[in-house]
Amino acid sequence: MSVIYTENLSFRYTDKPVLENISFNVDRPCLLAVIGPNGSGKTTLLKMLDGTLFPETGRALICGKDTRRFSRREMARLVAMVPQEVPPVFPFVAEEIVLMGRFPHQGHRLFEDKKDYRIVYDAMEKTDALPFARRRFSELSAGERQRVLIARALAQEPEILLLDESTVYLDLKHQAQFLSLIRALTRDRGLTVVFVTHDINLAAQNADQILLLYNGKKYAIGTPADVLTAKNIKEVYDVQVGIDLNPHNGSPRLTLFA
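From a predicted model like this one, the values you see are computed outputs, not experimental measurements.

Rules of the game
- Every residue gets a number counted from 1 within its own chain, in the order that chain's sequence is written.
- Restriction of local features to residues with pLDDT of at least 70 applies here, the model being predicted, together with a cutoff of 80 or more for giving and counting side-chain atom pairs; totals for whole chains, interfaces and linings are based on all residues.
- Values shown for side chains rest on all heavy atoms present in the structure; no hydrogens or waters enter the calculation.
- Secondary structure elements are defined from DSSP: runs of H or I of at least 4 residues count as helices, runs of E of at least 2 residues count as strands, and each element is numbered from the N terminus.
- As defined in this context, the radius of gyration uses C-alpha atoms, and a globule is described by 2.2 Å times the residue total to the power 0.38.
- Any two residues whose heavy atoms approach within 4.5 Å at even a single point are treated as in contact.
- Accessibility throughout is a Shrake-Rupley quantity obtained with a 1.4 Å probe, and a residue counts as covered only by protein chains that appear here.
- With a 1.4 Å probe rolled over the protein chains alone, any residue whose accessible area is under 20% of its type maximum counts as buried; one over 50% counts as exposed, and the rest are partly exposed.
- Note on aromatic contacts: the rings of Phe and Tyr and the six-membered ring of Trp form a pair at centre separations within 6.5 Å, being stacked when their planes are under 30 degrees apart, edge-to-face when over 60 apart, and tilted otherwise.
- Whether a charge sits over a ring depends on NZ of Lys or CZ of Arg being within 6 Å of the ring centre and within 35 degrees of the ring normal.
- Any two strands are treated as partners once DSSP identifies two or more bridges connecting them.
- Orientation is described by axes fitted as lines to C-alpha atoms, over the contacting stretch for helices, and by angles from 0 to 180 degrees between their N-to-C directions.
- Every case where a carboxyl oxygen of Asp or Glu lies within 4 Å of a side-chain nitrogen of Lys or Arg is listed as a salt bridge.

Looking only at helices and strands, the protein chain has nine helices and 12 strands in total. A globule of 258 residues ought to have a C-alpha radius of gyration of about 18 Å, and the protein chain, at 18 Å, matches this closely. Projected onto its principal axes, the C-alpha positions of the protein chain cover 55 × 40 × 35 Å. Considering only intrachain contacts with a sequence separation of at least 6, the fraction spanning at least 24 residues in the protein chain is 63%. Carbon together with sulfur atoms contributes 52% to the accessible area of the protein chain, which is approximately 12,700 Å² in total.

In structure tokens form, the structure reads like this:
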């Protein structure tokens, strides 16, 4: 059984479809990168997978169950979403933000226990967020806030992790650290990761599979070598690229021709 399964998924906010007849499946464990130009429906697709939005037609299944049939608590036990950014509206400190990730597991308990704090500490340690655990979320830099949001998602202990441009605010050190962590969780815990990115080389180097969206439709899906061809990039992005092999791991490497 696929951990993620979509069949003829379509959605619109207005008269124009944002997603149209999207079908694909993801087995466990896997790192699936979702790429495509602006307006291709990438973020909307993530929201469909975590049950924030429901399809107009078609269906999305998580671990064999239609997303419409989950309660929010049930969904949060399986799926964690890291958005591009969360506005710092309330004066929570970073540790409190990460503790929110434990809510789906609390049941009838009113307060967190030692296990919750241990998991939160571990998540913040893995994302290098412990140094500012007691600082207000609103006072952190964009990169620090992103690390806190990633830690909150890890504290949920999900089976599926959805990432919406989650490396965009991270410096090179923390990008490498985070991607290494995600690969380790995929390998050791069987985590399934779907990450949206505009960094095609990052997708090529880290993803097992790549889903290329274009005008709300599935243009291609497959291994990085299958999807990232000069022909596909030209047709979808309307730019010329050169493609060779990354000497580190043999993945496709794109060079943009100005």
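Moving on: unusual backbone geometry. For the bond running from arginine 28 to proline 29, omega is -10°, close enough to zero to count as cis. Checked against the element boundaries, proline 29 lands in the loop between β2 (17-26) and β3 (30-35). Of note, the phi angle at asparagine 8 is positive, near 50°, even though the residue is not glycine. Locating asparagine 8 in the fold gives a position in strand β1 (residues 4-12). The backbone of asparagine 21 sits at a positive phi, close to 55°, despite the residue not being glycine. Of the residues examined, asparagine 21 reaches a relative accessible area of 48% and is grouped as partly exposed.

As a further point, take the packing of aromatic side chains. According to the stated counting rule, one finds two aromatic pairs in the structure shown. For the pair phenylalanine 11 and tyrosine 13, a centre-to-centre distance of 4.8 Å together with 85° between the ring planes defines the contact as edge-to-face. When the centroid spacing of 6.2 Å and the interplanar angle of 85° are considered together, the rings of tyrosine 214 and tyrosine 219 count as edge-to-face. What makes tyrosine 219 partly exposed here is its relative accessible area of 29%. Across from the ring centre of phenylalanine 70, 4.7 Å away, lies the NZ or CZ of lysine 65, which sits over that ring. Stacked on the ring of phenylalanine 103, the Lys or Arg arginine 73 has its end atom at 4.4 Å from the ring centre.

Next up on the list: the sheet that holds β1. Pairing between the strands of a sheet comes from backbone hydrogen bonds, and it takes one of two forms, parallel or antiparallel. What the four strands build is an open sheet, ordered β2-β1-β4-β5; its pairing is antiparallel. Looking at which strands have only one partner, the edges of the open sheet turn out to be β2 and β5 (65-66). Taken together, the two bridges between strand β4 (residues 57-62) and β5 define a ladder with antiparallel strand orientation. Note on β5: the bridge partner recorded for leucine 61 is aspartate 66. Lying over the sheet, helix α1 (residues 42-49) contacts β1, β2 and β4, oriented at roughly 120° with respect to β1.

Moving on to the pattern of salt bridges. By the definition in use, this model includes 15 salt bridges. For arginine 102, the salt bridge is made with glutamate 157, and the minimal N-O distance between the two is 3.2 Å. In this pair, arginine 102 is assigned in the loop between α3 (94-99) and α4 (114-126) and glutamate 157 in the loop between α5 (142-155) and β7 (160-164), connecting sequence segments 55 residues apart. Residue glutamate 157 is classed as partly exposed on the basis of its relative accessible area, which comes to 37%. Through salt bridges with shared partners, a single network forms among Arg102, Asp116 and Glu157.

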